[in-house]
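Spelled out, the chains give:
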Amino acid sequence: MFQMFLRARTQNYLRSLVGEREFRARSAERDAETDRERLDYVLSALDSALSNAEAEQAGLTRRVDDVLARAAVTFGNGDDEYLTREKLDSDHLDLFETEISNGQRRLRDLAVSISHFKFLKTAMLSRFPDYKGPASRASS
């Protein structure tokens with residue numbers, strides 16, 4: 001019995017010299033807080049990407065609408081307008097056409113990206129149904 005006691009004390013003494021500690025797990029509250037912080041980080045990145053894409057879409061929509069309006073004015077409204085159109089107006093219409101097609105292509109890409117970001121956010125929230133965002137945790 002005495003030898004077992006001496007052996008345990010010797011092992012504890014040697015561990016303290018080497019700096020070895022016994023294994024200790026974190027508390028459940030600390031683990032939960034770490035998990036919430038990770039979710040906050042991922043969801044804030046998704047929210048940021050979503051709001052940036054929506055802002056780009058809104059601005060680009062305004063610009064494309066503006067180019068469409070300028071093209072309509074340049075195009076004219078007569079049936080035979082294309083016969084008497086000046087070369088400079090035709091060049092402007094070609095530029096407008098290129099700008100409009102590029103803008104509409106980007107708008108389609110943004111619409112797809114926005115739907116993907118919304119899907120990812122919905123999927124994240126459905127996988128973590130107990131998750132409360134930072135604003136709702138601060139008020140409770």
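The sections below set out a description of the structure shown in this document. Counting restarts for each chain, with residues numbered from 1 along the sequence as it is written. Totals for whole chains, interfaces and linings use all residues, but because this is a predicted model, local features are given only for residues with pLDDT of at least 70 and pairs of side-chain atoms are given and counted only at 80 or more. The side-chain numbers reported here are obtained from all heavy atoms of the structure, hydrogens and water having been left aside.

### A closer look at the overall build of the protein
Note the cut-off: Helix and strand assignments come from DSSP, with helices taken as H or I runs of at least 4 residues and strands as E runs of at least 2, each series counted from the N terminus. Contacts were defined at the residue level, with two residues in contact if any of their heavy atoms lie within 4.5 Å. Reported accessibility uses the Shrake-Rupley method at a 1.4 Å probe radius. Residues are deemed covered only where the shown protein chains occlude them.
Looking only at helices and strands, the protein has 5 helices and 0 strands in total. Counted from the first residue to the last, the protein has its helices and strands arranged as α-α-α-α-α. Long-range contacts, defined here as pairs at least 24 residues apart, represent 77% of the contacts in the protein between residues at least 6 apart. Of the accessible surface of the protein, which amounts to about 11,500 Å², a share of 56% is contributed by carbon and sulfur atoms.

### Description of the pattern of salt bridges
Put simply, the rule reads: The term salt bridge refers to a side-chain nitrogen of Lys or Arg lying within 4 Å of a carboxyl oxygen of Asp or Glu.
Summed over all chains, the structure comprises 7 salt bridges. We note a salt bridge from Glu-56 to Arg-106, for which the minimum N-O separation is 3.0 Å. Residue Glu-56 is found in helix α2 (residues 28-75), and its partner Arg-106 is found in helix α4 (residues 87-127); the two are separated by 50 residues along the sequence. Across the pair Arg-105 and Asp-109 runs a salt bridge whose closest N-O atoms are separated by 3.4 Å. Of this pair, Arg-105 and Asp-109 both sit in helix α4, 4 residues apart, which is roughly one turn of that helix.

### Description of the environment of Ala-69
Which entries qualify depends on this criterion: Partly exposed residues are those whose accessible area sits between 20% and 50% of the maximum for their type, while under 20% is buried and over 50% is exposed, using a 1.4 Å probe and protein chains only.
Mapped onto the elements of the fold, Ala-69 is located in helix α2. By relative accessible area, which is 43% here, Ala-69 ends up partly exposed. As a C-alpha pair, Ala-69 and Phe-96 span 27 residues in sequence and 10.0 Å in three-dimensional space.

### A look at the environment of Thr-61
Residue placement: Thr-61 occurs in helix α2. Using a relative accessible area of 31% as the deciding quantity, one classes Thr-61 as partly exposed. Between the C-alpha atom of Thr-61 and that of Gly-103, which follows or precedes it by 42 residues, the distance is 8.0 Å.

### What to know about the nonpolar core
Across soluble globular proteins, nonpolar side chains have a tendency to be buried as a group. As a reminder of what qualifies: Joining through side-chain atoms within 4.5 Å is the link that ties buried Ala, Val, Leu, Ile, Met, Phe, Trp, Tyr and Cys residues into a set, and such a set is a nonpolar core.
Core analysis: the biggest nonpolar cluster contains 7 residues, these being Leu-50, Ala-53, Leu-60, Val-64, Leu-107, Leu-110 and Ile-114. The element that contributes the greatest number of residues to this core is α2, accounting for 4 residues.

Function cannot be read off these values alone, since they describe shape.
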